[in-house]
Amino acid sequence: MKINHSLIDISDIDLAQWNKLYYLACDIEENPQKYAQACRGKIMASMFFEPSTRTQSSFQAAMLRLGGSVIGFSGTGGTSVQKGENFQDTVYIMSQYSDLITIRHPQDGAALAASEICDIPVINAGDGRHLHPTQSLTDLMTITRLKGNIENLNIAICGDLLYGRAVHTLLFALSKFKHNKIYLISTAKLRVPQYVKDIVIQSGNTLIECESLEEYMSEFDVLYMTRIQRERFDSQEEYLAQSGIYVLTAEKLKKAKSDMIILHPLPKVDEIEYAVDSDPRAKYFAQAKYGMYIRMALILSMLNGDFISHFPKPQSGKACNNPHCISCNEKHLPALSKFKASKEFCVYCDCEK
Ligand code: CP
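Residues numbered from 1 in each chain as written. Predicted model: local features only at pLDDT ≥ 70, side-chain atom pairs only at ≥ 80, totals over all residues. Heavy atoms only, no water.

Enquirer: Can you explain the overall build of the protein? Please cite residues and give values.
Expert: The helix and strand inventory of the protein stands at 11 helices and 14 strands. A globule of 353 residues ought to have a C-alpha radius of gyration of about 20 Å, and the protein, at 20 Å, matches this closely. Taken over the C-alpha atoms alone, the protein extends approximately 55 × 50 × 40 Å along its principal axes. Of the contacts made within the protein by residues no fewer than 6 positions apart, 71% connect residues no fewer than 24 positions apart. As displayed, the protein offers around 15000 Å² of accessible surface, 49% of which is attributable to carbon and sulfur atoms. (Helix = DSSP H or I, 4+ residues; strand = E, 2+ residues; numbered from the N terminus. Rg over C-alpha atoms; globule rule 2.2 N^0.38 Å. Contact = heavy atoms within 4.5 Å. Areas by Shrake-Rupley, 256 points an atom, 1.4 Å probe, with all protein chains shown as cover.)

Right, dumping it as structure tokens:
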């Protein structure tokens, strides 16, 4: 295993590292003044190749609240990417100006690629259809803060479970915990991929797949709604066939426990009726704020050298066939593989080769 100071995949950190981040985030939330100059003199590069409101702004607010500074871009419109500069050069140059990189990119594996290009810590702020580890840190913090722990809970996840990077990463994160019952609610077309389910099943948590949002509503402690993501479908027809199927309404919530919490990574579009926002069980706006505190804890830990993740050492391998993988689109990136049970997987996007 390679020891690293970047956060690319939630699976690369252990429970001890999670607990350290969580308690630090809680202390930051309770004692913000204690940390107001903790990153003074440090610079975070914010490289957002894809749209974002929460992740980008909460990272920036996190760094500013720690007394540090932020450089970077939001969309490539004002950058030399428009003149044809490649990904490698863009990342390398930004790493020369900063102490830490946060990166969001539409291609799977972009954050891992960035961490291989430069020598400073890289945080994956969402890479294509692949992973969104700081959203999962946000989700774990919210559940722990509001429910006390992540054990013996009935957790439902509803919506786009096929393309949702926040969903897959959350399922990997929940696999670190025990004795939870996880309900996966989606249409047949948008089910969680088998390799993600396998990891949850191996963790000893219970999985229930169903197509109805109402069927088990009375059992849920946590209901995690997600958006049907127009940008991840290959055609508008495929998107329209899936949108509008799951809508959480005040009426449906009548069957839910009085202390159930409703989460959503946001943005929400039409999957939660407006009236639900004022239900005291709706915690998605609080969740977005917890995201800032856990990102403060992450930035501070990384810049102090207290953050450690582990991932398989990349080896040379076959070219990746996933058209959404950064290694297929940035031809200068080396083809890198990891091997599990004599199968070869792409290091960037985790697809089998
Ligand atoms: N949850 C999330 O990633 O939101 P943004 O796309 O606004 O960053």
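Enquirer: Provide a residue-level description of the sheet that holds strand E7 (residues 181-185), including the pertinent values.
Expert: What the five strands build is an open sheet, ordered E8-E7-E6-E9-E10; its pairing is parallel. The open sheet has two edge strands, strand E8 (206-210) and strand E10 (261-263), and neither has a second partner. Mean inter-strand twist for the sheet, computed between neighbouring axes without regard to direction, equals 20°. Relative to E10, helix H5 (residues 133-147) is tilted by about 170°, and along the sheet it contacts strand E9 (222-225) and E10. (Pairing = 2+ DSSP bridges. Axes fitted to C-alpha atoms, helices over the stretch in contact; angles between N-to-C directions.)

Enquirer: Report on the site of the ligand, specifying residues and quantitative values.
Expert: Every residue lining the ligand is accounted for by Ser52, Thr53, Arg54, Thr55, Arg104, His132, Gln135, Pro265 and Leu266. Within the side chain of Thr55, an N or O atom sits 2.6 Å from an oxygen atom of the ligand. For the ligand, a nitrogen atom lies 3.0 Å from a polar atom in the side chain of Gln135. When the ligand is considered free in solution it has 260 Å² of accessible area, and contact with the protein chains removes 90% of it. Split into classes, the residues belonging to the shell around the ligand amount to two nonpolar, five polar and two charged. (Near = heavy atom within 4 Å. Polar contact = N/O pair within 3.5 Å; in protein donor to acceptor, adjacent residues only side chain to side chain. Nonpolar A, V, L, I, M, F, W, Y, C, P; charged D, E, K, R; others polar.)

Enquirer: Got a sec to walk through the environment of Leu223? Specific residues and values, please.
Expert: Position of Leu223 relative to the elements: it lies in strand E9. Taking the relative accessible area as the measure of exposure, Leu223 reaches 0% and is therefore buried. Sequence separation between Leu223 and Thr55 is 168 residues; the distance between their C-alpha atoms is 21 Å. Look past the residues within four positions of Leu223 in its chain and what remains in contact with it is Ala156, Leu213, Met217, Leu248, Met260, Ile261, Ile262 and Leu263. (Buried < 20%, exposed > 50% of the residue type's maximum accessible area, 1.4 Å probe, protein only.)

This is a description of form; function is not addressed.
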